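Okay, here's what each chain looks like letter by letter:
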Amino acid sequence: MNRRQIIKAVAGLGIGSAVFGRALAARAADELQITPQMIQDAEWIAGLELTEEQREQAARSLQYANRNLEALRKVKLTNDIGPAVHFKTMAASAGENGVPDRAPGMLDRGIGGRPESDDQLAFLPVTKLASLIRSKKLSSVELTRIYLRRIEKYNPLLNCVVTVTEDLALKQARRADEEIARGNYRGPLHGIPWGAKDLVAVPGYPTTWGAPQYREQRLPQTATVAARLEQAGAVLVAKLTMGALAMGDRWFGGMTRCPWNYRVGSSGSSAGSASAVVAGLCGFTLGTETLGSIVSPSRRCGATGLRPTFGRVSRAGCMALSWSMDKVGPITRSVEDCALVLSAIHGEDGLDPTAVTRDFAWPPETDLTRLTVGYTRGRTPLEDRSDIAKLKELGVQLKEVTLPTEIPVRGLTTVLDIEAAAAFDELTRGGDVEGLNAWPAIFRKASFVSGVDYVRAMRVRSLLQKQFEELMEGVDLLVNANDLVHTNLTGHPSLVMPVGFKKRMDVEMPFSTVFTGRLNGESDLMALGLAYQNLHEAHLRQPPLEAEMKKMNDESKSADPVEGK
């Protein structure tokens, strides 16, 4: 029995603490069995005092538990196998409310003319691209080739693409054009090129999870979201970068960069998804979020991102980081683009046990004046807050709220740490943790948390859900409430969109507004988001890619050693 086995056994039994486990391990690592005397010797450092009977019982239990744990560790588990319990939001037990709408309508703004340049075309939102394709003013093959050329040109600047899926893209684009020519139009995503965060499984191509350990990994299944987008007629042009195992913007190929300032990262972990769509390398993308991975890169890059309600979208075929927290959602140029993508991908599939089917109506029929938006007080006086002024302009009702403060929500993120450590336990045990950013330390730390403490955290999380639902009973949405940690734990949806620019480090960088909705309340959330976005033009602004390319090349040349010196 080695030191690691003893510590794991103690943690699994919930005896004492991590300190106790390490103390006992130090005493017993070279022995064949754990004795009551060893337990007594370790008690003082952990602040415990057990009776003789308790020591004998603990020694027997630890020996038995370790044999059981060793047997369990020999069972081969793949990443797609989750635990036998499933987190559900407070609204998840409601009755079924219909079938996902696979072909939603769009707001009627007229078709409009085709832009003169390919660059202008590349930055159009999906709504306008769809109108051009449906009216046959633009072919899917033509649009796909435009995006493929832009990927080749700008990926050296942004480092946002892992794999270009050119063969598949052109095949899907030709099929889209043929179907549309025959009058078989599938809906607004038909013929639109998109990019997938590289944890979405697509057969025939690597799915690397951003980690060197999985660089050559090819998965046989098609992720549900990829299959549904293919059913909608969308065209996959690239697998996009993600921070290693969904952390940050650093992956085995380096750092993914922000389109507005190549010197800074695009944030993560949906790093490539946000960077690529803002840079006009594809029509829309998919990202995932466990604790900020859609919201954060969308804010950094100036994208419009939707983190749906937990369970709205199936995660089948996507890397699991935290089975009770992972969400899949769109990252796009506009709110309506997010709505169109959500319409195509949401609903149960029989593969992800947490996925449910709930109504999502688009175009929206929401009367904004009936909505109540909650806001929290911060350092900025209300009269100086532009978000409050814009909401008043839209005619919504405003109400001051306070987020739950009794529960230490940061402490609850241990749930993520523990589940992630379990998902990648084999890497930790094998010592294969190079290139995983800060995960190795987190995985090791989580190994010392007992099962009792994990269950306690989940019970406290249930209390947080109850308190947050009580808050939301008085409002329909929240605005800029700084609720990222709360709502990733409770499962509420959030929508982030750029609303302006501020100079940082002598560079104009986007800043955003974040709305949070009720559970499964995406219809109201996106209706308000659309109206709010229409009061701004920040999402229409294009990043200075050529200027950033020149800066990068100039700096690269100046850094090269002079020949002969």
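Structure's up top.
Being a predicted model, the structure only gives us computed values, none of them experimental. (Residues numbered from 1 in each chain as written. Predicted model: local features only at pLDDT ≥ 70, side-chain atom pairs only at ≥ 80, totals over all residues. Heavy atoms only, no water.)

Caption draft 1: Quick peek at the overall build of the protein. A tally of helices and strands in the protein yields 21 helices and 15 strands. Counting all 565 residues of the protein, 58% fall into the buried class. Long-range contacts, defined as pairs at least 24 residues apart, comprise 75% of the intrachain contacts of the protein with a sequence gap of at least 6. Summed over all atoms, the accessible surface of the protein reaches about 24300 Å², with 50% contributed by carbon and sulfur. (Helix = DSSP H or I, 4+ residues; strand = E, 2+ residues; numbered from the N terminus. Buried < 20%, exposed > 50% of the residue type's maximum accessible area, 1.4 Å probe, protein only. Contact = heavy atoms within 4.5 Å. Areas by Shrake-Rupley, 256 points an atom, 1.4 Å probe, with all protein chains shown as cover.)

Caption draft 2: View of the pairing of strand 11 (residues 372-375). Neither face of strand 11 is left uncovered, since the one carrying Thr372 and Gly374 and the one carrying Val373 and Tyr375 both have all their residues buried. As paired elements, strand 11 and strand 12 (residues 397-400) share four bridges and run parallel to each other. Within the sheet, the bridge partner assigned to valine 373 lies in strand 12 and is leucine 398. In this region the chain leaves strand 11, passes through helix 13 (residues 386-394) and returns to the parallel neighbour strand 12; the handedness of that crossover is right-handed. In terms of strand pairing, strand 11 meets strand 13 (residues 477-479) through three bridges, oriented parallel. Residue pairing across strands places glycine 374 opposite leucine 478, the latter belonging to strand 13. (Pairing = 2+ DSSP bridges. Right-handed = clockwise from strand over helix to strand, strands pointing away.)

Caption draft 3: Quick peek at the packing of helix 9 (residues 224-231) against helix 12 (residues 335-345). In the contact formed by helix 9 and helix 12, the axes pass within 8 Å of each other and the chain directions differ by 105°. One way to sum up the angle between helix 9 and helix 12 is to call them roughly perpendicular. Contacts between helix 9 and helix 12 involve Val225, Arg228 and Leu229 on the former and, on the latter, Val341, Ala344 and Ile345. (Axes fitted to C-alpha atoms, helices over the stretch in contact; angles between N-to-C directions. Parallel < 35°, antiparallel > 145°, perpendicular 65-115°, else oblique.)

Caption draft 4: Summary view of a nonpolar patch on the surface. A grouping of Val75, Leu77 and Ile81 is seen on the molecular surface, where their side chains present a nonpolar patch of about 270 Å² in accessible area. In this structure, leucine 77 sits in the loop between helix 4 (52-73) and helix 5 (118-122). (Patch = residues over 30% accessible without salt bridge, like charges linked within 9 Å, V, L, I, M, F, W, Y side chains within 5 Å. Salt bridge = Lys/Arg side-chain N within 4 Å of Asp/Glu carboxyl O.)

Caption draft 5: Representation of the packing of helix 13 against helix 20 (residues 522-533). Orientation of helix 13 relative to helix 20, taken along the N-to-C sense of each, is 105°, at an axis distance of 10 Å. Considering the angle they form, helix 13 stands roughly perpendicular to helix 20. Here Ser386, Asp387, Lys390, Leu391 and Leu394 of helix 13 come into contact with helix 20, specifically with Leu528, Ala531 and Tyr532. Class assignment of the residues belonging to the contact of helix 13 with helix 20 gives a composition of five nonpolar, one polar and two charged. (Nonpolar A, V, L, I, M, F, W, Y, C, P; charged D, E, K, R; others polar.)

Caption draft 6: Quick look at the packing of aromatic side chains. Under the counting rule described, the total for this entry stands at 11 aromatic pairs. Ring geometry for tryptophan 439 against phenylalanine 443: centres 5.3 Å apart, planes inclined by 15°, an arrangement best described as stacked. With a gap of four residues between them, tryptophan 439 and phenylalanine 443 both fall in helix 17 (residues 439-446), about one helical turn apart. Lying across the ring of phenylalanine 501, arginine 541 places its NZ or CZ 4.0 Å from the centre. (Phe/Tyr/Trp six-rings, centres within 6.5 Å; stacked < 30°, edge-to-face > 60°. Lys NZ or Arg CZ within 6 Å of the ring centre and 35° of its normal.)

Caption draft 7: Main features of helix 18 (residues 451-472). Counted at 1.5 Å a residue, the expected span for helix 18 with its 22 residues is 32 Å, and the 31 Å between its end C-alpha atoms agrees. Of all the residues in helix 18, the buried ones are Ala457, Arg461, Leu464, Gln465, Gln467, Phe468, Leu471 and Met472. The elements touched by buried residues of helix 18 are helix 14 (409-412), helix 15 (414-423), strand 13, helix 19 (484-490) and strand 15 (507-517). (Expected span 1.5 Å × (residues − 1).)

Caption draft 8: Looking closely at the pattern of salt bridges. Scanning all chains against the criterion turns up 22 salt bridges. The closest approach of N and O atoms between glutamate 555 and arginine 263, which form a salt bridge, is 2.3 Å. Linking glutamate 555 in helix 21 (residues 545-559) with arginine 263 in strand 7 (residues 261-265), this pair joins segments that are 292 residues apart in sequence. The partly exposed category is assigned to arginine 263, whose relative accessible area is 43%. Among the ionic pairs, glutamate 289 bridges to arginine 307, the shortest N-O distance being 3.0 Å. Taken together, the positions of glutamate 289 in strand 8 (residues 284-289) and arginine 307 in strand 9 (residues 304-307) put the pair 18 residues apart, joining distant regions of the chain.

Caption draft 9: Representation of the pairing of strand 14 (residues 494-504) in the model. Most of strand 14 is tucked away, with eight of its 11 residues classed as buried. Pairing geometry for strand 9 and strand 14, over three bridges, is antiparallel. Residue arginine 307 lies in a different strand from strand 14, and its bridge partner there is serine 494. Here 10 bridges tie strand 14 to strand 15, and the two strands are oriented antiparallel to one another. Across the sheet, lysine 503 pairs through a bridge with glutamate 508, a residue of strand 15. Linkage of strand 14 to strand 15, two consecutive antiparallel strands, is achieved through a turn of two residues, within which methionine 505 is found at a positive phi near 55°.

Caption draft 10: Expanded view of a positive patch on the surface. A surface patch of positive charge is lined by Arg299, Arg300, Lys502 and Arg504. Of all the secondary structure elements, the ones that give two or more residues to the positive patch are helix 11 (295-301) and strand 14. Mapped onto the elements of the fold, arginine 504 is located in strand 14. (Lys, Arg positive; Asp, Glu negative; His and termini not counted. Charge placed at Lys NZ, Arg CZ, Asp CG, Glu CD.)

Caption draft 11: Main features of the side chain of threonine 163. Summarising the element assignment, threonine 163 is placed in strand 1 (residues 161-164). Accessibility expressed as a relative area gives 14% for threonine 163, which makes it buried. In contact with threonine 163, not counting residues within four places along its chain, are Tyr205, Pro206, Val237, Ala238 and Lys239.

Caption draft 12: Structural context of helix 9. Of the residues making up helix 9, those classed as buried are Thr224, Val225, Ala226, Arg228 and Leu229. Looking at the buried positions of helix 9, the neighbouring elements they touch are strand 2 (193-197), strand 8, strand 10 (327-332) and helix 12. Of the residues one or two after helix 9, glycine 233 is the one with positive phi, at around 90°.

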